[in-house]
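Inside the fold
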Amino acid sequence: QVQLVESGGGLVQAGGSLRLSCAASGSIVSINDVSWYRQAPGKQRELVATITSRGSTNYADSVKGRFTITRDNAKNTVYLQSNSLNAEDTAVYYCNARIRPIRAMYYDTYWGQGTQVTVSS
């Protein structure tokens with residue numbers, strides 16, 4: 001059974017940094033695109049960053065130049081390095097991945113349970 005587990009969230013002061021991790025486990029053949037989303041209280045979930053299987057990246061305008069998404073294929077893990085954090089970055093951060101499990105012919109979409117990031121001003 002495939003699972004995504006996020007970690008690395010917490011409380012940080014404005015201007016600080018956090019490194020979020022998203023680890024995939026289970027019987028996995030391959031992982032395609034992986035994205036980080038976030039959802040602040042009372043707001044819709046928004047796409048923050050995406051990394052393709054080849055390492056191409058895309059970012060929301062609000063985080064460009066401050067956040068960096070990377071992946072370690074050997075560990076089935078994707079990271080989100082978040083720098084120069086501000087109060088508007090406060091949200092629950094979710095990992096989303098397109099994964100092909102063993103014995104499956106197609107990719108399916110998986111979500112993690114989320115990790116809370118709180119930035120104090």
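Presented here is a report on the structure given in the accompanying data block. Quantities reported herein were computed from a predicted structural model and do not represent experimental measurements. (Residues numbered from 1 in each chain as written. Predicted model: local features only at pLDDT ≥ 70, side-chain atom pairs only at ≥ 80, totals over all residues. Heavy atoms only, no water.)

1. Side note on the packing of aromatic side chains
- One pass over the structure, following the stated rule, counts one aromatic pair.
- Ring geometry for Tyr37 versus Trp111: centroids 5.0 Å apart, planes at 55 degrees, classification tilted. A residue pair is termed long-range when its members are at least 10 positions apart, and Tyr37 in strand β4 (residues 28-39) and Trp111 in strand β10 (residues 108-111) qualify at 74 residues.
- The exposure class assigned to Tyr37 is partly exposed, which follows from its relative accessible area of 21%.
- With relative accessibility at 39%, the residue Trp111 sits in the partly exposed group.
- Looking at Arg19, its charged tip hangs above the ring of Tyr79, at a distance of 3.9 Å from the centre.
- Geometry around Tyr94 places Arg45 over its ring, the cationic atom sitting 3.8 Å from the centre. (Phe/Tyr/Trp six-rings, centres within 6.5 Å; stacked < 30°, edge-to-face > 60°. Helix = DSSP H or I, 4+ residues; strand = E, 2+ residues; numbered from the N terminus. Buried < 20%, exposed > 50% of the residue type's maximum accessible area, 1.4 Å probe, protein only. Lys NZ or Arg CZ within 6 Å of the ring centre and 35° of its normal.)

2. So, the sheet that holds strand β7 (residues 67-72)
- Pairing is antiparallel across the open sheet formed by four strands, whose spatial order is β1-β3-β8-β7. At either margin of the open sheet sits one strand with a lone partner, and together these are β1 (3-7) and β7. Sheet twist, expressed as the mean angle between neighbouring strand axes with direction ignored, is 15 degrees.
- One ladder, built from six bridges, connects β7 with strand β8 (residues 77-82); its direction is antiparallel. Across the sheet, Ile69 pairs through a bridge with Leu80, a residue of β8. (Pairing = 2+ DSSP bridges. Axes fitted to C-alpha atoms, helices over the stretch in contact; angles between N-to-C directions.)

3. What to know about the nonpolar core
- The biggest cluster of nonpolar side chains holds 30 residues, and the ones touching the most others in it are Leu4, Trp36, Val48, Leu80, Tyr93 and Ile99.
- Looking at this core, the elements with two or more residues in it are β3 (18-25), β4, β5 (46-51), β7, β8, β9 (91-101) and β11 (115-120).
- Looking at this core element by element, the count peaks at five residues for β9.
- Other than its neighbours up to four places away in sequence, Val48 contacts Trp36, Tyr37, Arg38, Asn58, Tyr59, Ala60, Val63, Phe67, Leu80 and Tyr93. (Core = buried A, V, L, I, M, F, W, Y, C linked by side-chain atoms within 4.5 Å. Contact = heavy atoms within 4.5 Å.)

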